[in-house]
Every structure is written in structure tokens, then in C-alpha cells.
Amino acid sequence: MKRLIYDLDLLSLTETLNTWGQPAYRAVQIWQGLYRNFWNSPEEFTNLPKSLREHLAAEFDFQPLTPTLKLDSRDGQTRKTLFRLPDGRQIEAVLMRYDHETHQGRSRRTLCISTQAGCAMGCVFCATGQMGFQRHLTSGEIVAQVMYYARLLAQQGETVTNIVLMGMGEPFHNYENTMKAIDQLNDPQGYSFGARRFTISTSGLVPAIRRFAAEKRQVNLAVSLHAVSDEARSAMMPVNKKYPLAELLSACREYVQATGRRITFEWALIEGVNDTPEAARSLANLLQGLLCHVNAIPLNPTHGYTGRASTRERAAIFKQILEQNGIPCTVRVRRGIDIQAGCGQLASRTEPFPVP
Ligand code: SAH
Ligand code: SF4
């Protein structure tokens, strides 16, 4: 099988070209074609000699992702794509448009990408968790999701402004490839996507949080919490049995101390389970003194879990109690509920897909 061009960083691309007798500036031309012009086939590199284009085509795969389903939400603000990988596995990536929020004069376009096919963590409320683990994505397969949407947006004169690693999979279970992908997208000679515009979400792999803190990256960190007692959290998130709350919270405190960065806690609001006023008060207690923010989002329904989303009213009370107790909280609006935009929701479907 051919190597995936996106699996190479600029240094290894330069080394590969060197073995072909090509000068270093050719590697930079290819790099910029990929990450600035979003070219995704060797024929597009018309600035290269034909023989080099042919060599590239023979050695490298430029399109590891085949879109098999594209869905737009009714309001046109959310686009979800299901991709088939070369080995037949499926992953999803979702683009969310926020026209009223801007960054440096550009409307916010947040891209949610996957880091694994399936997930080993088994969170009971999560469609990806219900599928089980299939495999890690390579760094190039993570990068390719971004390039797919970057190209699409560029055709409309737009750009991706934020990238969240909140699609399928646990990024910290695939640590090396995830960081390699981020570094590659961050490369100033290529896509040059600012580290601060990435957010990694983890279910709470404590050693990886510590490692991430030690690396002092500028990338934002979000931790999925969802419950404040070990009993309740272990029932929802098996990872809690290995890394219980006290350990998790102490790793989070170390992270904030080491980096000075605010941490986000995610909370899927489930009616009657974790959206009660008592739950809000216990959560506020747990987080006292920690530089943080709570991102609450009403549960997305999945086939394998009976819990229901909290109503708007209950979510508002939850937020109010947290804020009265000094913990900033936003209640996120569910996006693309009509296209099953919660990650894993498409790939885990057992019935056949409609023809795209
Ligand atoms: N594995 C990482 C990142 C992917 S999941 C993690 O768990 O953090 C991204 C976020 O979606 C997590 O906060 C996760 O708890 C949440 N999530 C998963 N299934 C959900 C659902 N059905 N409804 C609402 N949020 C969900
Ligand atoms: Fe995996 Fe995150 Fe889903 Fe849990 S919520 S199963 S960690 S993708």
C-alpha cells in the first residue's frame, strides 16, 4: 500500500525527496501545495516537473478519506461528513458555522474531528463508545479531515477558525499521532493553524493529562466530567474505575498550575441523572478554586442509552446555580440534532445509509 502523504512532516518529506535526488525547495513547494492551496492530487501540482508529479503519484496516497455521506442540518449551519478509510473503517467530522461570532474579522467555523475509529473507553451514553474500539487513526488521517474541510471552505472564500478533537475516539489514547497531527497543522510553513485555536477533549486519562501539562502546549484542554461521585461517574464512564475523581481533579489542578491555562469541564445534561440542583451544587463545590469553566450540553440521544436530554429550563437552573457559586458555565445549543451530528452517531448506525 502507498504511504499517506499527510503522514509525513516537512522534515521527513524533505528527506524522502532527498533520496529521490530532489532539492529541499521541492519539499517546501509540495508542503505549501498541500497546506496552503489544499491540493489533493499530484496533478494539481503544476509547479512541479511532470516526472516528479508521477513519482509522487506512484509513492503516495493523497486522498485517504472517501466521503460516503454528507448531511446538512436544516438550518444549513452544520455539515457532517462520514468518511471511509482505506481499510473500510468509517469516521466522522462535523463543521459548525457560527455566523454571529467572529475571530479577526472572520466568522467562526469550528471543525470537530476524529482521532480513532471507534473508542475503547466505553462511555455508556456515547454512540462511539457503544461501537467499541476499532483502531487508532494515523496522524495523516487526522490531518486529512482538516484538509478536506479547509479545501471545501476555501472554495467559498472561508476558513476553519477552530478545531476541536471531540469527534470519534479518545485523543489521549492515541497521544503520539494526535500531537503529531496538531504539530503538522501548526507548522508556520504550511497550514499555520494557531495552537490556541485547538481544543483537545479527554475522558480523563490521568497520565496523559500530566504529560500534556508537562509539555506546556498552548492547546486548550477539556475534560469530560458528567458526574461528581465515583459511583455515578464509573457507571457512566468506565475509565473512572481506573482514574477516579480525586486523581483526575488533582491532575487537572496540576495542569492549571503548570500552564496557567483555564480548563474546560464538559457536562452532558441528562434529565434527572446529573441536572438536578444538588448535582449543580456538588459540582460547584468540587471545582472551587480551580481556574475553569463548565460547558454543559443537553444529551444527544443514542440507540444504546435510555437517558433523556435536560429541558432548557432545567439547563438554565443548573447554569444559574453554578454561576451563583462562582463557576462560569455556558449551556451549549445542540447543533445538527436532525443530522445526528453527535459524533459516532452515523458510523454506529446498523441500517444502510441513504445514497448520498
Ligand atoms: N473521547 C473524548 C472526546 C470525544 S467525545 C471525550 O470523551 O472527552 C466529545 C464530548 O462529547 C465528550 O465530552 C463526551 O462526553 C461528549 N458526548 C459523548 N456522547 C454524548 C452524547 N450522547 N450527548 C452529549 N455529549 C456526548
Ligand atoms: Fe470515547 Fe469520548 Fe465517547 Fe467516552 S465519550 S466513549 S471517551 S469518544
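Residues numbered from 1 in each chain as written. Chains lettered and ligands numbered in written order. Predicted model: local features only at pLDDT ≥ 70, side-chain atom pairs only at ≥ 80, totals over all residues. Heavy atoms only, no water.

**Concerning the overall build of the chain**
Inference 1: When helices and strands are counted, the chain shows twelve helices and 14 strands.
Inference 2: For the C-alpha atoms alone, the extent of the chain along its principal axes is close to 70 × 45 × 40 Å.
Inference 3: Long-range contacts, defined as pairs at least 24 residues apart, comprise 67% of the intrachain contacts of the chain with a sequence gap of at least 6.
Inference 4: Summed over all atoms, the accessible surface of the chain reaches about 15600 Å², with 50% contributed by carbon and sulfur. (Helix = DSSP H or I, 4+ residues; strand = E, 2+ residues; numbered from the N terminus. Contact = heavy atoms within 4.5 Å. Areas by Shrake-Rupley, 256 points an atom, 1.4 Å probe, with all protein chains shown as cover.)

**Section: the packing of helix H5 (residues 139–154) against helix H6 (residues 175–186)**
Inference 1: Where H5 meets H6, the closest approach of the two axes is 8 Å, and the angle between their N-to-C directions is 45°. As far as their axial angle goes, H6 and H5 are oblique. When the axes of H5 and H6 are compared, the crossing they make is right-handed. On the side of H5, the interface is formed by Ser 139, Ile 142, Val 143, Val 146 and Met 147, while H6 contributes Asn 177, Thr 178, Lys 180, Ala 181, Gln 184 and Leu 185.
Inference 2: Of the residues contributing to the contact of H5 with H6, the split by class is six nonpolar, four polar and one charged. (Axes fitted to C-alpha atoms, helices over the stretch in contact; angles between N-to-C directions. Parallel < 35°, antiparallel > 145°, perpendicular 65-115°, else oblique. Left-handed = near helix turned anticlockwise from the far one by under 90°. Nonpolar A, V, L, I, M, F, W, Y, C, P; charged D, E, K, R; others polar.)

**Brief notes about the sheet that holds strand E6 (residues 106–112)**
Two pairing modes exist for strands in a sheet, parallel and antiparallel, and in both the strands are linked by backbone hydrogen bonds.
Inference 1: Taken in spatial order, the ten strands line up as E3-E4-E5-E6-E9-E10-E11-E12-E13-E14 in an open sheet, and their pairing is mixed. Looking at strand neighbours, the two that pair on one side only are strand E3 (66–72) and strand E14 (329–331), the edges of this open sheet. Here the average twist between neighbouring strands, direction ignored, is 20°.
Inference 2: Looking at chain direction, E3 and strand E4 (residues 78–84) are connected through six bridges and run antiparallel. Of the residues in E4, the one forming a bridge with Thr 66 is Arg 84.
Inference 3: Here H6 sits on the sheet in contact with strand E9 (162–165) and strand E10 (198–202), set at roughly 170° to E10. (Pairing = 2+ DSSP bridges.)

**Some remarks on the domain arrangement of the chain**
Inference 1: Once the domains are mapped, the chain shows domain 1 (3–61) and domain 2 (66–350).
Inference 2: A separation of 33 Å is found between the C-alpha centroids of domain 1 and domain 2.
Inference 3: Of the residues lining the interface, 17 residues belong to domain 1; the matching set on domain 2 comes to 18 residues.
Inference 4: Interface area, domain 1 with domain 2, both sides summed: about 1400 Å², of which 54% is carbon and sulfur.
Inference 5: Per-residue buried area on domain 1 facing domain 2 is highest for Tyr 6, Tyr 35 and Phe 38; these three make up 42% of the total on that side.
Inference 6: Applying the counting rule to domain 1 against domain 2 returns one salt bridge. (Domains from an automatic or database assignment. Buried area = accessible area lost by both parts, 1.4 Å probe. Salt bridge = Lys/Arg side-chain N within 4 Å of Asp/Glu carboxyl O.)

**Structural notes on the environment of Arg 261**
Inference 1: Within the secondary structure layout, Arg 261 lies in the loop between helix H10 (245–259) and strand E12 (263–269).
Inference 2: Arg 261 gets classed as buried once you look at its relative accessible area, which sits at 15%.
Inference 3: Distance in space between the C-alpha atoms of Arg 261 and Gln 218 is 8.3 Å, their sequence separation being 43 residues.
Inference 4: The residues contacting Arg 261, other than those within four sequence positions of it, are Arg 196, Arg 217, Gln 218, Val 219, Asn 220, Tyr 255, Val 256 and Leu 291. (Buried < 20%, exposed > 50% of the residue type's maximum accessible area, 1.4 Å probe, protein only.)

**Notes on the site of ligand 1**
Inference 1: Around ligand 1, the surrounding shell holds 17 residues, and the nearest of these are Gly 169, Ser 201, Ser 224, His 226 and Asn 300.
Inference 2: Separating an oxygen atom of ligand 1 from a side-chain N or O atom of Ser 224 is a distance of 2.6 Å.
Inference 3: Look at ligand 1: alone it shows 530 Å² of surface, and the protein chains cover 88% of it.
Inference 4: Grouping the constituent residues of the shell around ligand 1 by class yields six nonpolar, nine polar and two charged. (Near = heavy atom within 4 Å. Polar contact = N/O pair within 3.5 Å; in protein donor to acceptor, adjacent residues only side chain to side chain.)

**A closer look at the nonpolar core**
Inference 1: Phe 172, Tyr 191, Phe 265 and Leu 287 are the most contacted members of the largest nonpolar core, which has 104 residues in total.
Inference 2: Here this core spans two domains, and each of domain 1 (3–61) and domain 2 (66–350) adds at least three residues to it.
Inference 3: With near-sequence residues (within four places) excluded, Tyr 191 lies in contact with Tyr 35, Phe 38, Val 146, Met 147, Ala 150, Val 160 and Leu 185.
Inference 4: Core analysis: the second largest hydrophobic core is formed by five residues, Val 94, Met 96, Tyr 98 and Cys 112 among them. (Core = buried A, V, L, I, M, F, W, Y, C linked by side-chain atoms within 4.5 Å.)

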